[in-house]
Amino acid sequence: MGSNGPALGTPDVSAFRELVGVDLGPTAWREVTQERIDAFAAATDDPQWIHTDPARAAEGPFGTTIAHGFLTVSLCVPMLYEVLPPAGRMVVNYGVDRVRFPAPVPSGGRIRGRFRVASIEETPLGERAVVEATVECDGVEKPVCVAELVVLAVP
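Cut-offs used in this document
- All residue numbers refer to positions counted from 1 along the written sequence of the respective chain.
- Reporting in this predicted model follows two pLDDT cut-offs: at least 70 for local features of residues, and 80 or more for side-chain atom pairs to be given and counted; totals over whole chains, interfaces and linings ignore these cut-offs and use all residues.
- Where side-chain values are given, they derive from all heavy atoms of the structure, hydrogens and water being excluded.
- Salt bridge, as used here, is a side-chain nitrogen of Lys or Arg placed within 4 Å of a carboxyl oxygen of Asp or Glu.
- Here a strand is any run of E in DSSP of at least two residues, a helix any run of H or I of at least four, and the numbering for each starts at the N terminus.
- Only protein chains enter the area calculation, which uses a 1.4 Å probe; residues under 20% of their type maximum are buried, those over 50% are exposed, and those in between are partly exposed.

Engineer: Sorry, what's going on with the pattern of salt bridges here?
Structural biologist: Pairs can form between side chains of opposite charge once their charged atoms are near each other. Enumeration according to the criterion identifies seven salt bridges in this entry. The shortest N-O distance in the salt bridge between D138 and R110 comes to 3.0 Å. Residue D138 is located in the loop between β7 (126-137) and β8 (145-154), and its partner R110 is located in strand β6 (residues 109-123); the two are separated by 28 residues in the primary sequence. Residue R110 is classed as partly exposed on the basis of its relative accessible area of 34%. Across the pair E136 and R112 runs a salt bridge whose closest N-O atoms are separated by 2.4 Å. Taken together, the residues E136 in strand β7 and R112 in strand β6 connect sequence positions 24 residues apart. Among the charged side chains, a network of salt bridges with common partners joins R112, R114 and E136.

Shape is all these values report; function is a separate question.
Following this line, the structure appears as structure tokens:
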């Protein structure tokens, strides 16, 4: 699988049981280009200058445009798929808890993820897994995103 493409298949949450407490990753690096940031801004109606105006952002607090925090957390999905075994069950996003963006992702930055399955719970809809995610950016000291991803495997 390429570093920017979707994973083949979907993760098998039953395999999560074997992975509870195991560190997964790091994933391959993914470049966060200005084009990707601009596309996210257009898709979400969030064209704030810190994301989309390189000239103005150069004079701003980060010296360049930065990725939206929600772009960073959304890239956790393909990164998570990269490190989980594929299977035929449908897995859907159920929610995200405790999301933080301790540092920005500069335009052109490279990010990668590390994951840890924290827990599995049986629900009437299927198995719900909580996966701790940490996203790092090449050359940035702090993580750029930490979150608890909640996914649901539907039979």
